[in-house]
Amino acid sequence: RARVLLLSTTNLAVDQATVAVDKALEGAGRQALRERVQRLGSRIVASHYSGREHLLPVRDRELIASLTKLEAQRPPADDLAAFNLWSEQIEALRQRLRAQTLAVLCNARLVSMTTTRAAFSLDDLRCVPRFDLVVFDEASQIGLAHALALMPLGRTRLFAGDPKQLAPVVRSPAKFAKRWLARSPFSEKPGDGASVCFLDEQSRMAEPISQLVSHIFYDG
């Protein structure tokens, strides 16, 4: 009965991970669970979800159309009465959309999104029951500040990725930017112990190349 929040840095990575979960559940014959896996976000690669449309939460299209239409009818700010009425109508529609998102977050067993989407949705994520597990996929690309902000959303956290991979790229020379944005959670990873699992198998690399990489970067 656990609830899982699956996060990654890019939409492509989130799409791939979400579809991989769905395929695993499909192979295990867990149809009821498949219906409770939900991918949140607007920048999906639609082709990945061909035949897997159940992974995308259905929103009230009429509600979104009404909001779009109303936003285009913004009155002048100096017309206080009209502007206040317009603002109230906009806020009411946004609250209805938020209620739909909260319903998805509450009912899904696995919710997937980018870390950026999660950071911008932090208020909503804090309103729903705490997740049992938060998975940070491709964790070497996640800034330490993002990880620290999102870790409390789950009772347990799992960081999956390659500590040797390039850390997040930050152009700012500021000390705090480099400390909190240019370092991944792996910068604080213990060298070994019960919480660390080193994955020593791969299936996408020719053996001579794999051996070279293994001896240069991973002590054999």
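Residues numbered from 1 in each chain as written. Predicted model: local features only at pLDDT ≥ 70, side-chain atom pairs only at ≥ 80, totals over all residues. Heavy atoms only, no water.

*Asks:* Before we go on, may I ask you to explain the overall build of the protein in this structure?
*Replies:* Counting its secondary structure elements, the protein contains 9 helices and 5 strands. Traced from its N-terminal end to its C-terminal end, the protein shows the element sequence β-α-α-β-α-α-β-α-α-β-α-β-α-α. The C-alpha extent of the protein, read off along each of the three principal axes, is 70 × 50 × 30 Å. Buried residues in the protein amount to 32% of all 220 residues. Sequence-distant contacts in the protein: of pairs separated by 6 or more residues, those separated by 24 or more amount to 65%. For the protein, the computed accessible surface area is about 14200 Å², with 55% contributed by carbon and sulfur atoms. (Helix = DSSP H or I, 4+ residues; strand = E, 2+ residues; numbered from the N terminus. Buried < 20%, exposed > 50% of the residue type's maximum accessible area, 1.4 Å probe, protein only. Contact = heavy atoms within 4.5 Å. Areas by Shrake-Rupley, 256 points an atom, 1.4 Å probe, with all protein chains shown as cover.)

*Asks:* Just checking my understanding: could you explain a nonpolar patch on the surface for this structure?
*Replies:* A contiguous nonpolar patch, built from L148, F176, W180 and L181 and spanning about 400 Å² of accessible area, is present on the exposed surface. Note that F176 resides in helix 8 (residues 175-180). In this structure F176 comes out as exposed when scored by relative accessible area, which is 59%. (Patch = residues over 30% accessible without salt bridge, like charges linked within 9 Å, V, L, I, M, F, W, Y side chains within 5 Å. Salt bridge = Lys/Arg side-chain N within 4 Å of Asp/Glu carboxyl O.)

*Asks:* Is there a simple way to explain the layout of surface pockets in this structure?
*Replies:* Using a probe with the size of a water molecule, rolled over the atoms, empty space left in the structure can be pinpointed. As a volume, the largest pocket reaches approximately 1700 Å³. Lining the largest pocket are 37 residues, with G161, D162, P163, F198 and L199 sitting closest to its centre. Elements with a minimum of two residues in the lining of the largest pocket: helix 7 (144-150), strand 5 (154-159) and helix 9 (207-217). Among the elements that line the lining of the largest pocket, the one with the most residues is helix 9, at 4 residues. Partitioning the lining of the largest pocket into residue classes produces 18 nonpolar, 8 polar and 11 charged. (1 Å grid on protein atoms, 1.4 Å probe; cavity = no way out; pocket = protein on both sides within 12 Å on 5 of 7 lines; lining within 4 Å. Points joined across faces, edges and corners; volume = space filled by probe spheres on them. Nonpolar A, V, L, I, M, F, W, Y, C, P; charged D, E, K, R; others polar.)

*Asks:* Is there a simple way to think about unusual backbone geometry in this case?
*Replies:* Residues other than glycine predominantly adopt negative phi, and peptide bonds predominantly adopt the trans conformation. Even without a glycine there, the phi angle at E138 is positive, about 50°. Even without being a glycine, D219 presents a positive backbone phi close to 55°. Mapped onto the elements of the fold, D219 is located in the segment after helix 9.

*Asks:* Honestly, the packing of aromatic side chains in this entry has me stumped. Any pointers?
*Replies:* Under the definition given, this model contains 3 aromatic pairs. When the centroid spacing of 5.6 Å and the interplanar angle of 35° are considered together, the rings of F83 and W86 count as tilted. You can see F83 and its partner W86 sitting in helix 4 (residues 80-107), 3 residues apart, about one turn around the helix. For the pair F83 and W86, one class covers both residues: buried. (Phe/Tyr/Trp six-rings, centres within 6.5 Å; stacked < 30°, edge-to-face > 60°.)

*Asks:* When you look at the nonpolar core in this model, what are you seeing that I'm missing?
*Replies:* Ranked by internal contacts, the top residues of the largest apolar core, which has 22 residues, are L5, L7, L105, V111 and M113. Of all elements in the fold, only strand 1 (4-8), helix 4, strand 3 (110-114), helix 6 (122-127), strand 4 (131-136) and helix 7 reach the threshold of two or more residues within this core. Here L5 is in contact with V111, M113, F131, L133, V134, V135 and L153, once residues within four sequence places are set aside. Counting residues in hydrophobic clusters, the runner-up holds 11 residues, among them A17, V19, L55 and V135. (Core = buried A, V, L, I, M, F, W, Y, C linked by side-chain atoms within 4.5 Å.)

*Asks:* What exactly am I supposed to notice about the pairing of strand 5 here?
*Replies:* Walk down a regular strand and you will see the side chains alternate between the two sheet faces. Alignment of strand 4 against strand 5, held across 5 bridges, turns out to be parallel. Paired with F131 across the bridge in strand 5 is G154. Of the crossover connections in this fold, the one passing from strand 4 over helix 7 to the parallel strand 5 is right-handed. (Pairing = 2+ DSSP bridges. Right-handed = clockwise from strand over helix to strand, strands pointing away.)

*Asks:* Mind showing me how you'd approach the pattern of salt bridges here?
*Replies:* Two side chains that carry opposite charge are able to pair once their charged atoms sit near each other. What the rule picks out here adds up to 7 salt bridges. A salt bridge links R34 to D22; the nearest nitrogen and oxygen atoms lie 2.9 Å apart. Here the residue R34 occupies a position in helix 2 (residues 31-34), and D22 occupies one in helix 1 (residues 11-27), the gap between them amounting to 12 residues. Neither R34 nor D22 differs from the other in exposure class; each is buried. E26 is the partner of R34 in a salt bridge, and the nearest nitrogen-oxygen pair spans 3.9 Å.

*Asks:* What should I look at first to understand the sheet that holds strand 1 in this one?
*Replies:* The strands that make up a sheet pair up through hydrogen bonds in the backbone, lying either parallel or antiparallel. The strand order across the open sheet built from 5 strands is 2-3-1-4-5, with neighbouring strands paired in parallel fashion. Either end of the sheet is taken by a strand with one partner, and the two such strands are strand 2 (37-39) and strand 5. Strand-to-strand twist in this sheet, taken as the mean axis angle between neighbours without regard to direction, amounts to 20°. Bridge count for strand 1 against strand 3 is 5 bridges, and the pairing is parallel. The residue of strand 3 that forms the bridge with V4 is L110. Packing of helix 1 onto the sheet brings it into contact with strand 1, strand 2 and strand 3, and relative to strand 2 it is tilted by some 165°. (Axes fitted to C-alpha atoms, helices over the stretch in contact; angles between N-to-C directions.)

Function cannot be inferred from these measures alone, as they are strictly geometric.
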